[in-house]
Amino acid sequence: MPYLIPAVLSALALAVAAIGFRSAHRFKRPALFKTGAIVAAVGLMLLWLLPWWAIARDAGAWAMPLMVAALVVAVSVLGAGLSTMARAATGNQDSPADRIVQDIITLNDLP
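Values in this document were obtained by computation on a predicted structure and should not be read as measured data.

The rules behind the values
Residues numbered from 1 in each chain as written. Predicted model: local features only at pLDDT ≥ 70, side-chain atom pairs only at ≥ 80, totals over all residues. Heavy atoms only, no water. Core = buried A, V, L, I, M, F, W, Y, C linked by side-chain atoms within 4.5 Å. Buried < 20%, exposed > 50% of the residue type's maximum accessible area, 1.4 Å probe, protein only. Helix = DSSP H or I, 4+ residues; strand = E, 2+ residues; numbered from the N terminus. Polar contact = N/O pair within 3.5 Å; in protein donor to acceptor, adjacent residues only side chain to side chain. Expected span 1.5 Å × (residues − 1). Bend = angle between axes of the 7 residues up to and from the residue. Contact = heavy atoms within 4.5 Å.

Our next topic: the nonpolar core. Counting 13 residues, the largest nonpolar core has Phe 33, Leu 44 and Met 85 as the members making the most contacts within it. At the level of elements, helix 1 (4-23), helix 2 (30-57) and helix 3 (63-90) are the ones that each hand at least two residues to this core.

This is the structure:
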């Protein structure tokens, strides 16, 4: 059964990208939603590609840390894609950092 994992994750990545592109027009920022869909699809592909690469390297004592690092990178890319899609769907134009700077400017009467 482990041989099905790459096929399933690849099919899921293609489905995420296709559905993301097809439904992007429904959201306030469609270009950002498409970008998030592509990044999420890449994250799904990396979820099996990076561990496979880590196993194929035969790194000896570094095999387990390399595997953990590969999984952390893949999950981080997937999370970044999902976060980008959520930000495009909610329509918040400003990031929290932009709001903090804006509050500093308005509360301190800066021009």
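Here the narrative resumes, following the displayed structure.
Within the secondary structure, Ser 23 sits in helix 1. At a separation of 2.7 Å, a polar atom in the side chain of Ser 23 contacts the main-chain carbonyl oxygen of Ile 19.

Let us look at helix 2. Residue pairs spaced three or four apart in an α-helix point in one direction, given the helix's 3.6 residues per turn. Helix length check: helix 2 (28 residues) gives 40 Å between terminal C-alpha atoms against 40 Å at 1.5 Å per residue, within 8%. In helix 2, a bend of some 35° at Leu 46 exceeds every other bend along the element. Residues of helix 2 that are buried in the fold lie against helix 1 and helix 3. Where helix 2 terminates, the next one or two residues include Asp 58, which has phi positive at roughly 50°.

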